[in-house]
Every structure is written in C-alpha cells, then in structure tokens.
Amino acid sequence: MMKTLCFTLGLLLLTACCCNAMPEALKFNTAPGNCCFKFFTQKIPVKRVFNITKTHSSCQNQAFIVHTIRGIPICFRETFQWARDIYSQQHYIVGSSQQL
Ligand SMILES: *[C@@H]1O[C@H](CO)[C@@H](O)[C@H](O)[C@H]1NC(C)=O
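By the naming in an unreviewed UniProt entry, the protein chain goes by Chemokine interleukin-8-like domain-containing protein and is assigned to Perca flavescens. Taken directly from UniProt, the Subcellular location (unreviewed entry) text for the protein chain runs: "Secreted".

Quick look at the structure:
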C-alpha cells in the first residue's frame, strides 16, 4: 500500500519535472547548437520571411536566423541592417512586452 503510494508520488514528481523541463528544452532548441558560420549577404524578399530569431549569446558570431516560409534557415550578420530592421519590425508587431 505504502509502496504504491510512493511509486505514484514519484511518478507524479517525475512527470511534473518533465513537464516543467519541456518548454525550456524547446526554448533552447534554437540556441547553443544553432550558431552561424556562414552568412548570407543579400536581402531576401520580405514576404518570404517566415520568422526571424537571434542566435544564442554563446555563439561565437552573433547573428540573425531568418526562417523562410519554406522553413529554410538563413543566417545574417548581426550588423546587417536589413536583418536588424526585419527583426525589430517583427518583434514590434508581436508586441512582446516581455522583451529584455
Ligand atoms: C520559425 O520558423 C521555423 C520554421 O517554420 C520554426 O522551426 C521555428 O521554431 C520558428 N521560430 C520561432 C521563434 O517562431
């Protein structure tokens, strides 16, 4: 009886642990692994931009990653003005008040 309770409790804790860890794992999915080493130097049509994110701060080269509507990630230098504009536009439209 006691054993079963313990087991159930343990399982519950484990599940809670896993559930909590999930979003974190997803959030960092685009992070350390995805660094940019090659950079696209041309603008692409804005209508082909699906979303834009920044690479993780641990990356050697800070960069923007543009995902095209076809789901292909393209790297742009952090200093590339076009990418900066897209980034600020998209994050303005999304209206994220939780930006740091
Ligand atoms: C951007 O789009 C790509 C491709 O659809 C997707 O894998 C990625 O999770 C998206 N990133 C964000 C921040 O929405």
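Q: Please give an account of the overall build of the protein chain that cites residues and values.
A: Counting secondary structure elements, the protein chain contains 2 helices and 3 strands. Written out in order from the N terminus, the α and β elements of the protein chain read α-β-β-β-α. Partitioning the intrachain contacts of the protein chain with sequence separation of at least 6 by distance along the chain shows that 43% fall at a separation of at least 24. Accessible surface, the protein chain: about 8100 Å² in total, of which carbon and sulfur atoms supply 63%.

Q: I'd like a description of the sheet that holds strand β3 (residues 73-77), backed by residues and values.
A: Strand order in the open sheet formed by 3 strands is β1-β2-β3, with antiparallel pairing between adjacent strands. Looking at the sheet topology across the chains shown, the edges are occupied by β1 (49-54) and β3. Between one strand axis and the next, the sheet turns by 25° as a mean value, whatever way the strands run. By the bridge criterion, 5 bridges tie β1 to strand β2 (residues 63-68) in an arrangement that is antiparallel. Each bridged residue has a counterpart across the sheet, and for Val-49 the counterpart in β2 is Thr-68.

Q: Lay out the site of the ligand with the relevant residues and their values.
A: Taken together, the residues surrounding the ligand are Phe-50, Asn-51, Thr-53 and His-67. Asn-51 has a polar side-chain atom sitting 2.5 Å from an oxygen atom of the ligand. For the ligand, whose free accessible area comes to 360 Å², the fraction covered by protein is 46%. Of the residues forming the shell around the ligand, the biggest block, 3 residues, is contributed by β1.

Q: Lay out the state of the cysteines in plain terms, naming residues and giving numbers.
A: Tallied over the entire structure, the rule returns 2 disulfides. Across a sulfur-sulfur distance of 2.0 Å, Cys-35 and Cys-59 are joined as a disulfide pair. What sets the handedness of the Cys-35 and Cys-59 disulfide is the S-S torsion sign, and at about -85° it is left-handed. Taken together, the residues Cys-35 in the loop between α1 (2-27) and β1 and Cys-59 in the loop between β1 and β2 connect sequence positions 24 residues apart.

Q: How would you summarise the confidence of the model for the protein chain if you had to cite specific residues and measurements?
A: Residues at a pLDDT of 70 or more form 59% of the protein chain, whose mean pLDDT is 76. The low-confidence segment residues 16-31 (pLDDT under 50) makes 3 contacts with residues lying over four places distant or belonging to another chain.

Q: Please give an account of the environment of Val-46 that cites residues and values.
A: Turning to its location among the elements, Val-46 is positioned in the loop between α1 and β1. Assessed through its relative accessible area of 48%, Val-46 is described here as partly exposed. Spatially, the C-alpha atoms of Val-46 and Ile-86 are 8.0 Å apart, while their sequence positions differ by 40 residues.

The rules behind each value
Residues numbered from 1 in each chain as written. Predicted model: local features only at pLDDT ≥ 70, side-chain atom pairs only at ≥ 80, totals over all residues. Heavy atoms only, no water. UniProt positions renumbered as here; feature names shortened; annotations may be inferred. Helix = DSSP H or I, 4+ residues; strand = E, 2+ residues; numbered from the N terminus. Contact = heavy atoms within 4.5 Å. Areas by Shrake-Rupley, 256 points an atom, 1.4 Å probe, with all protein chains shown as cover. Pairing = 2+ DSSP bridges. Axes fitted to C-alpha atoms, helices over the stretch in contact; angles between N-to-C directions. Near = heavy atom within 4 Å. Polar contact = N/O pair within 3.5 Å; in protein donor to acceptor, adjacent residues only side chain to side chain. Disulfide = S-S within 2.5 Å. pLDDT = per-residue confidence, 0-100. Buried < 20%, exposed > 50% of the residue type's maximum accessible area, 1.4 Å probe, protein only.

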